[in-house]
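Residues per chain, in single letters:
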Amino acid sequence: MVRVNAYAAPSPSEPLAPVIIERRAVGPNDVLIEITYAGICHSDIHTVRGDWGPQPYPLVPGHEIVGIVTEVGSEVTRHQVGDRVGVGCMVNSCRECTNCRNGDEQYCLAGMVATYGGTDRDGTITQGGYATHVVVDADFVLSVPAGIDFAAAAPLLCAGITTYSPLRRWGAGPGRKVAIVGLGGLGHLAVKIAHALGAEVTVLSQSLKKQEDGLRLGADHYHATGDPDTFTQLAGRFDLIINTVSAQIDVDAYLGLLAVDGTLVNVGAPGEPLSLNVFSLIGARRSYAGSMIGGIRETQEMLDFCAEHQIGADIELISADKINDAYERVLASDVRYRFVIDTATLG
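Since the structure is predicted, the reported quantities are computational estimates derived from the model, not experimental observations.

A. Region of interest: the overall build of the protein. What the protein contains, in helices and strands, is 11 helices and 17 strands. Taken over the C-alpha trace, the protein has a radius of gyration of 20 Å; the compact-globule value for 347 residues is 20 Å, and the two agree within 12%. For the protein, the C-alpha atoms occupy an extent of roughly 60 × 40 × 35 Å along the three principal directions. Split into buried and exposed, the 347 residues of the protein put 54% on the buried side.

B. Quick peek at the sheet that holds strand β14 (residues 258-266). Here we have 6 strands laid out as an open sheet, ordered β12-β11-β10-β13-β14-β15, and parallel in their pairing. The open sheet has two edge strands with one neighbour each: β12 (221-224) and β15 (287-290). Averaged over all pairs of adjacent strands, the angle between strand axes in this sheet comes to 20 degrees, irrespective of strand direction. Pairing geometry for strand β10 (residues 177-181) and strand β11 (residues 200-205), over 5 bridges, is parallel. The residue bridging isoleucine 180 from the neighbouring strand is valine 203, located in β11.

C. Quick look at helix α11 (residues 323-331). Burial in α11 covers these residues: Ile323, Ala326, Tyr327 and Val330. One face of α11 carries all of its buried residues, which in axial projection span an arc of 105 degrees. Next to the buried residues of α11 lie β1 (2-8), α1 (42-48), β16 (315-318) and β17 (338-342). Looking one or two residues beyond α11, the residue adopting positive phi is serine 333, at roughly 55 degrees.

D. Molecular detail of a nonpolar patch on the surface. A cluster of nonpolar side chains, namely Leu276, Val278, Phe279 and Ile282, defines an oily patch on the protein surface of about 400 Å² accessible area. Structurally, leucine 276 is set in the loop between β14 and α9 (279-282). Leucine 276 gets classed as partly exposed once you look at its relative accessible area, which sits at 32%.

E. Main features of the pattern of salt bridges. Inspection of every chain in the model, using the stated rule, returns 16 salt bridges. A salt bridge links glutamate 22 to arginine 3, with the shortest nitrogen-to-oxygen separation between them at 3.7 Å. Residue glutamate 22 is located in strand β2 (residues 17-23), and its partner arginine 3 is located in strand β1; the two are separated by 19 residues in the primary sequence. Classification of arginine 3 as exposed rests on a relative accessible area of 59%. A salt bridge links arginine 95 to aspartate 137; the shortest N-O distance between them is 3.1 Å.

F. Geometry of the state of the cysteines. Taken as a whole and assessed by the stated rule, the structure comprises 0 disulfides. Cysteine 41 carries a free sulfur, and the closest cysteine sulfur to it, the one in cysteine 158, is 3.9 Å from it. A residue is classified by how much of its surface remains accessible, and cysteine 41, at 7% relative accessible area, is buried. With no disulfide partner, cysteine 108 has as its closest neighbouring cysteine sulfur the one in cysteine 94, 3.6 Å distant. With a relative accessible area of 8%, cysteine 108 lands in the buried category.

G. Structural detail: the nonpolar core. Residues Ile40, Tyr130, Leu167 and Ile323 are the most contacted members of the largest nonpolar core, which totals 92 residues. With 7 residues, helix α5 (residues 185-197) is the single largest residue contributor to this core. Core analysis: the next-biggest nonpolar cluster, separate from the first, contains 14 residues, Leu204, Leu234, Tyr254 and Leu258 among them.

H. How the structure looks around the packing of aromatic side chains. Considering all chains together, one arrives at 3 aromatic pairs under this definition. Both rings, one in tyrosine 37 and one in phenylalanine 150, keep their centres 6.3 Å apart while their planes meet at 90 degrees; by these two values the pair is edge-to-face. Of the two residues, tyrosine 37 sits in strand β3 (residues 30-39) while phenylalanine 150 sits in helix α3 (residues 150-153), which places them 113 residues apart along the sequence. Ring centres of tyrosine 164 and phenylalanine 305 lie 5.6 Å apart, and the angle between their planes is 55 degrees; this geometry places the pair in the tilted category. In this pair, tyrosine 164 is assigned in helix α4 (residues 159-169) and phenylalanine 305 in helix α10 (residues 296-308), connecting sequence segments 141 residues apart.

Conventions adopted
- Residues numbered from 1 in each chain as written.
- Predicted model: local features only at pLDDT ≥ 70, side-chain atom pairs only at ≥ 80, totals over all residues.
- Heavy atoms only, no water.
- Helix = DSSP H or I, 4+ residues; strand = E, 2+ residues; numbered from the N terminus.
- Rg over C-alpha atoms; globule rule 2.2 N^0.38 Å.
- Buried < 20%, exposed > 50% of the residue type's maximum accessible area, 1.4 Å probe, protein only.
- Pairing = 2+ DSSP bridges.
- Axes fitted to C-alpha atoms, helices over the stretch in contact; angles between N-to-C directions.
- Arc of directions from axis to C-beta.
- Contact = heavy atoms within 4.5 Å.
- Patch = residues over 30% accessible without salt bridge, like charges linked within 9 Å, V, L, I, M, F, W, Y side chains within 5 Å.
- Areas by Shrake-Rupley, 256 points an atom, 1.4 Å probe, with all protein chains shown as cover.
- Salt bridge = Lys/Arg side-chain N within 4 Å of Asp/Glu carboxyl O.
- Disulfide = S-S within 2.5 Å.
- Core = buried A, V, L, I, M, F, W, Y, C linked by side-chain atoms within 4.5 Å.
- Phe/Tyr/Trp six-rings, centres within 6.5 Å; stacked < 30°, edge-to-face > 60°.

Next up, the structure:
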């Protein structure tokens, strides 16, 4: 066992606080990572506050992890001591089902093992990246290319792959009109990636207050959804819309912005159900879809793509004692665009 410093949520209603947790001993196919930076994802907040169901407390969140390999198991060949690596939203899967064999471990039929709050194959409860070290199966450890700023790379392990995967799957590229709903942690990376893929990019945000940022990040157009004329002006415009917001939206209104055969993909995860009128789909052979992160192979592809195009998250680096303040600021949309914890401040 390895004892490490961490920050954990004691319960759904209490602030996160310093703790000492135990990591398993490094097994033959394990990698011990000294965590350098850990991103704060909106889903961390949803999870520790019980919005998505009961959790095993105390719980250490964090699934946007980058760090340096300090030890490898006897059977590990893909990673070496000193490598820059990352860990995203999952740390294990069955490896045997159709989805795992196809490289879609996130859709493992037996249930992928989440980086925190999950039950690993050995029966232990996983603890996340708000910590100084983590032990992870080598098959779920990614290589972080030197071309990406290390701190700015951390959010790519969730926000980056969450947006890259649907943009690639639904064909964002030259000649395609893509809209990004929301310019937050997910949305700002979606804009960067869609622009790098060669698409014509439009940001759809509640107001124009982030318009300058959106255009700087690579958007070609920026419209306020708080203006009713926007939905009339842009009707039937887009081939693909990526909805990144974790809140209620008028699904029918956004479907109306799609061209024939267009697709609206939800990657935001609101706490309440969304509804739609099926005629919003039938009227123009539209599709409404969802997407969740990506498999290990695709996540590595995303990291390599981001290195090639010099894409990293726009971040605000914080010390561990500011985590609870950061949670409140995320809920108030007061961050541009992702908080990242300097884990050296964990002591």
